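So you can see what is in the structure, the chains are spelled out below.
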Amino acid sequence: MSNTTIYMETGSCDPRYNLAFEEYVLNNRVEGNCLLLWQNDNTIVIGQNQNAEAEINRSFVEEHHITVVRRMTGGGAVYHDLGNLNYSFITDAGDTENLTMDTFTRPVVEALRGLGLEAEASGRNDILVSGKKVSGTAQRIVKGRILHHGTLLFDSNPTMVAGALNVDPAKFQSKSAKSVRSRIGNIRSFLPRDMELKEFWDYLKTALAAGGFRMESLTEEELLEVRKLKETKYDTWEWNFGRSPKFDLTNKCRFDGGSLEVGLCVEHGAIQNVVFYGDFLAVTSLQPLTEAMVGCPFREEEAAKVLEGFPLREMFGGITETEILSAMFHAGDLT
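The rules we used
Residues numbered from 1 in each chain as written. Predicted model: local features only at pLDDT ≥ 70, side-chain atom pairs only at ≥ 80, totals over all residues. Heavy atoms only, no water. Helix = DSSP H or I, 4+ residues; strand = E, 2+ residues; numbered from the N terminus. Rg over C-alpha atoms; globule rule 2.2 N^0.38 Å. Buried < 20%, exposed > 50% of the residue type's maximum accessible area, 1.4 Å probe, protein only. Lys, Arg positive; Asp, Glu negative; His and termini not counted. Charge placed at Lys NZ, Arg CZ, Asp CG, Glu CD. Axes fitted to C-alpha atoms, helices over the stretch in contact; angles between N-to-C directions. Parallel < 35°, antiparallel > 145°, perpendicular 65-115°, else oblique. Left-handed = near helix turned anticlockwise from the far one by under 90°. Contact = heavy atoms within 4.5 Å. Nonpolar A, V, L, I, M, F, W, Y, C, P; charged D, E, K, R; others polar. Expected span 1.5 Å × (residues − 1). Polar contact = N/O pair within 3.5 Å; in protein donor to acceptor, adjacent residues only side chain to side chain. Pairing = 2+ DSSP bridges.

Undergrad: Just checking my understanding: could you explain the overall build of the chain for this structure?
TA: Helices and strands together make up the secondary structure of the chain, namely 14 helices and 15 strands. Its C-alpha atoms give the chain a radius of gyration of 20 Å, near enough to 20 Å, the size a compact globule of 335 residues would have. For the chain, the spread of C-alpha atoms along the three principal axes comes to 65 × 45 × 35 Å. Taken over 335 residues, the chain has a buried fraction of 55%. Between the averaged position of the 34 positive side-chain charges in the chain and that of its 47 negative side-chain charges there is a distance of 3 Å.

Structure (structure tokens):
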């Protein structure tokens with residue numbers, strides 16, 4: 001990130017407050033580069049378009065008093081604890097057609113390499129150190145501004161990571177804890193010289209704000225707005241879990257661009273309700289599309305006409321129109 005970066009901290013480990021803080025900054029800091037570093041205590045953060053109940057191990061979550069909250073970006077579910085550090089870049093999106101993850105993952109990879117680590121970007125949205133995943137990332141675009149945020153597993157509890165998430169068998173051959181632990185790693189275990197998380201935090205804010213940073217805080221009035229957003233959105237069952245009606249047709253597919261699950265209610269030959277779940281890397285809301293689908297005849301060519309009116313790359317990441325239609329019309333099981 002070039003030029004002086006505005007650096008902020010949330011001052012909280014409450015995930016619902018932190019996500020409200022991040023969203024407020026995205027919507028209200030409309031100029032310049034912003035960097036946030038923050039932590040959540042024992043939390044599962046699910047992607048914007050995921051089916052919450054399908055992503056968590058409910059009994060484990062309740063037993064260990066783990067908070068479940070939905071974020072406003074796409075991608076998959078992740079577990080956070082105080083051994084994990086989150087970062088958020090907020091800046092001008094520019095030409096969204098040519099926007100890549102690499103623009104934002106590169107500074108993080110270089111910062112990790114600066115500590116003597118063998119770091120690299122991998123796949124759709126991961127950062128690896130010595131072949132183990134230490135970071136997952138996601139993006140959101142709002143009115144020409146982009147939020148890019150990610151996790152950094154510094155010294156997280158791998159047993160909790162494995163137990164909290166109800167792992168999609170399409171991602172792992174085994175649903176056992178071992179399969180998850182073998183895939184992720186902690187940055188601290190790879191460091192040539194050991195450091196505490198506080199030292200890592202201090203290093204990172206300097207490394208990521210390459211042009212220097214200026215510490216800022218939200219005003220009392222702005223913090224009041226953050227708390228209102230937390231209470232009206234991130235504290236609510238409707239946002240975090242939502243109602244899941246019984247669908248006439250459901251289908252789940254895995255494509256190169258991620259998983260896609262479609263639920264459809266069809267009455268008198270027309271779509272009455274549709275939901276798209278998945279860990280695809282959406283950067284905008286699907287609501288305008290799902291609303292436009294209501295009343296559409298349940299025919300592939302008619303649904304294709306609706307899809308053509310929307311920026312599918314922003315909504316579904318790497319999942320194509322052909323793949324969306326395939327999931328809707330060619331592989332569902334009537335229930």
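Undergrad: Explanation requested: the packing of helix α4 (residues 102–113) against helix α8 (residues 197–208) in the structure shown.
TA: To describe two helices that pack against each other, one gives the angle between their axes and the distance between the axes. The geometry of α4 relative to α8 is characterised by a closest axis approach of 10 Å and an angle of 130° between their N-to-C directions. Comparing their axes, α8 and α4 come out oblique. Relative to α8, the crossing made by α4 is right-handed. Seen from α4, the contacting residues are P107, V108, A111 and L112; seen from α8, they are F200, Y203, L204, A207 and L208. Here the contact of α4 with α8 is built from residues that sort into 9 nonpolar, no polar and no charged.

Undergrad: I keep staring at helix α1 (residues 15–28) and nothing clicks. Help me out?
TA: Residues spaced three or four apart along an α-helix point in a common direction, a consequence of the helix completing one turn every 3.6 residues. In a regular helix each residue adds 1.5 Å, so 14 residues correspond to 20 Å; α1 covers 20 Å between its end C-alpha atoms and thus fits that length. Turning to α1, its buried residues are P15, Y17, N18, L19, A20, F21, E22, E23, Y24, V25 and L26. By the N-cap criterion, in which a side-chain oxygen at the helix start approaches the backbone nitrogen of a residue two or three places on, α1 is capped by D14, the distance to R16 being 3.0 Å.

Undergrad: For this particular structure, what's the right way to read the sheet that holds strand β5 (residues 78–80)?
TA: One key point about sheets: their strands pair by backbone hydrogen bonds, in either a parallel or an antiparallel sense. Spatially, the 3 strands line up as an open sheet ordered β4-β3-β5, and their pairing is mixed. Single-partner strands in this sheet number two, and they are β4 (67–70) and β5. Geometrically, the sheet is characterised by an average inter-axis angle of 25° between neighbouring strands, direction not taken into account. Those strands touched by α1 are β3 (43–46) and β4, and its axis lies near 20° from that of β4.

Undergrad: Is there a simple way to explain unusual backbone geometry in this structure?
TA: Across the chain, the bulk of peptide bonds are trans and the bulk of non-glycine residues have phi less than zero. For H65, which is not glycine, the phi torsion reads 55° and is therefore positive. Mapped onto the secondary structure, H65 falls in the loop between α3 (58–63) and β4. Using a relative accessible area of 68% as the deciding quantity, one classes H65 as exposed.

Undergrad: Mind showing me how you'd approach the sheet that holds strand β7 (residues 119–122) here?
TA: Spatially, β7-β8-β9-β10-β6-β2-β1-β11 is the arrangement adopted by the 8 strands of the open sheet, whose pairing is mixed. In this open sheet, the two edge strands, each paired with only one partner strand, are β7 and β11 (213–215). Averaged over all neighbouring strand pairs, the angle between strand axes comes to 25°, with direction disregarded. Taken together, the 4 bridges between strand β8 (residues 126–129) and strand β9 (residues 132–142) define a ladder with antiparallel strand orientation. Paired with I127 across the bridge in β9 is S135. Set on the sheet, α4 makes contact with β6 (84–92), β7, β8, β9 and β10 (145–153); between it and β7 the angle comes to about 155°.

Undergrad: Help me understand the packing of α1 against helix α9 (residues 220–234) in this model?
TA: Running from N to C, α1 and α9 cross one another at 120°; their axes reach a closest spacing of 8 Å. With respect to their mutual orientation, α1 and α9 come out oblique. In this structure, the crossing between α1 and α9 has a hand that is right-handed. In contact with R16, Y17, L19, A20, F21, E23 and Y24 of α1, α9 contributes E222, L223, E225, V226, R227, L229, K230, K233 and Y234. Taken together, the residues of the contact of α1 with α9 sort by class into 9 nonpolar, no polar and 7 charged.

Undergrad: Teacher, can you tell me more about the pairing of β7 here?
TA: Here is the key point about a regular strand: its side chains alternate between the two faces of the sheet. As paired elements, β7 and β8 share 4 bridges and run antiparallel to each other. By the bridge assignment for β8, A121 is matched with I127. Turn length for the β7-β8 hairpin, with the two strands adjacent in sequence and antiparallel, is 3 residues, and the turn residue G123 shows positive phi of about 60°.

Purely spatial values, then, with no claim about function.
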